[in-house]
Amino acid sequence: MEGNTFDPDLIRAIFQLVWKRRAAEREKNERTETMEAEMGVGTSKKNRLTSANANALKLSCELLRLFVTEAIQRAATIAEAEGSNKIEATHLERILPQLLLDF
Amino acid sequence: MGSDMEGDDEEEESAGEILRDRFRLSTISIAEAEGKKNGMQISEPIVACVSDLAFKYAQQLAKDLELFAQHAGRKSVNMEDVILSAHRNDHLAASIRSVSNDLKAKEPQSERKRRKNTRKEDKSNADSKGNCSEEEFEKEIPKVNFIHYPLVFIVTLIFPLHHRVSRRGQRDGTMQG
């Protein structure tokens, strides 16, 4: 089962995309607030990009893997209770609210 | 400048789509394995739905982690931040914490040293380098040393012995012949 998890590099790429987007947004907001000091903005943007260390990425992979396995397992128990052996949309719908509250 | 930004946006979007597809493939393999374990078939739209949910969750997680790290006055995300982001469910937090302990136990390098290093990196040049490569190097070098020195030692000991024995065998053979 250990082999079946997310690739930390993939997760890092996703995280960095989000962080880049947020940094760009922040920069835009700041530029509209203060029209001068464009040089300062250019350098501070570099300083602000967030990064993640290797263990944190592995842990995030585990968290996402747990999300997927929990979704499937909870839906599977509902499907089993209804006597079907294929997980359908209704089963997912039933477990979704609690799943989203738990994560 | 405006056209530049648009080009960037398009590039970002296509990169995001590629990432989403790769993420979906991983999710499918995880979900299929889990379904097999439970003896359940999963209809395809459900897998896609779960994958999209997990992708959204990953994006939300990225945002959370950045905010947590910033709140702690750091620029790099820590394991503590990830544990903090799993606080909504006690069982989830406990299981994530145990995994983090496992990860920590795997490399019980002197933590004080590393903390100093990361602090320095944060201040000076953390951004120009890869995010985790340095720490990984720190972990791997001692392991390699520990494995290799005995190996080299054994080889240097055994090889002459083996050589001598085989030569003796040859000599015996020629004497018999």
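Just so it is clear, the model here is predicted, and its values are computed rather than measured.

Secondary structure assignment for chain A yields four helices and two strands. Secondary structure elements of chain A, listed N to C terminal, follow the sequence α-α-β-α-β-α. Put simply, chain A has 103 residues, and 44% of those count as buried. For chain A, the proportion of contacts with a sequence separation of at least 24, taken over those separated by at least 6, is 63%. In the structure as shown, chain A presents an accessible area of about 5500 Å², 52% of it carried by carbon and sulfur atoms.

Residue and element names in this part refer to chain A. Closest axis-to-axis distance for the helix H3 (residues 54–81)/helix H4 (residues 89–102) pair is 9 Å, and the angle between their directions is 140°. When the axis of H3 is compared with that of H4, the two are oblique. Note on packing geometry: the crossing formed by H3 with H4 is right-handed. Every residue of H4 that contacts H3 at Phe-67, Glu-70, Ala-71, Arg-74, Ala-75, Ile-78 and Ala-79 is listed here: His-91, Arg-94, Ile-95, Gln-98, Leu-99, Leu-100 and Asp-102.

The periodicity of an α-helix, 3.6 residues per turn, causes residues three or four positions apart to be oriented the same way. Over its 26 residues, helix H1 (residues 8–33) of chain A runs 37 Å from end to end, which matches the ideal 38 Å to within 8%, given 1.5 Å per residue. Three or more residues of H1 of chain A are buried, namely Leu-10, Ile-11, Arg-12, Ile-14, Phe-15, Leu-17, Val-18, Trp-19, Ala-23 and Glu-27 of chain A.

Reading the values: rules and limits
Residues numbered from 1 in each chain as written. Chains lettered and ligands numbered in written order. Predicted model: local features only at pLDDT ≥ 70, side-chain atom pairs only at ≥ 80, totals over all residues. Heavy atoms only, no water. Helix = DSSP H or I, 4+ residues; strand = E, 2+ residues; numbered from the N terminus. Buried < 20%, exposed > 50% of the residue type's maximum accessible area, 1.4 Å probe, protein only. Contact = heavy atoms within 4.5 Å. Areas by Shrake-Rupley, 256 points an atom, 1.4 Å probe, with all protein chains shown as cover. Axes fitted to C-alpha atoms, helices over the stretch in contact; angles between N-to-C directions. Parallel < 35°, antiparallel > 145°, perpendicular 65-115°, else oblique. Left-handed = near helix turned anticlockwise from the far one by under 90°. Expected span 1.5 Å × (residues − 1).

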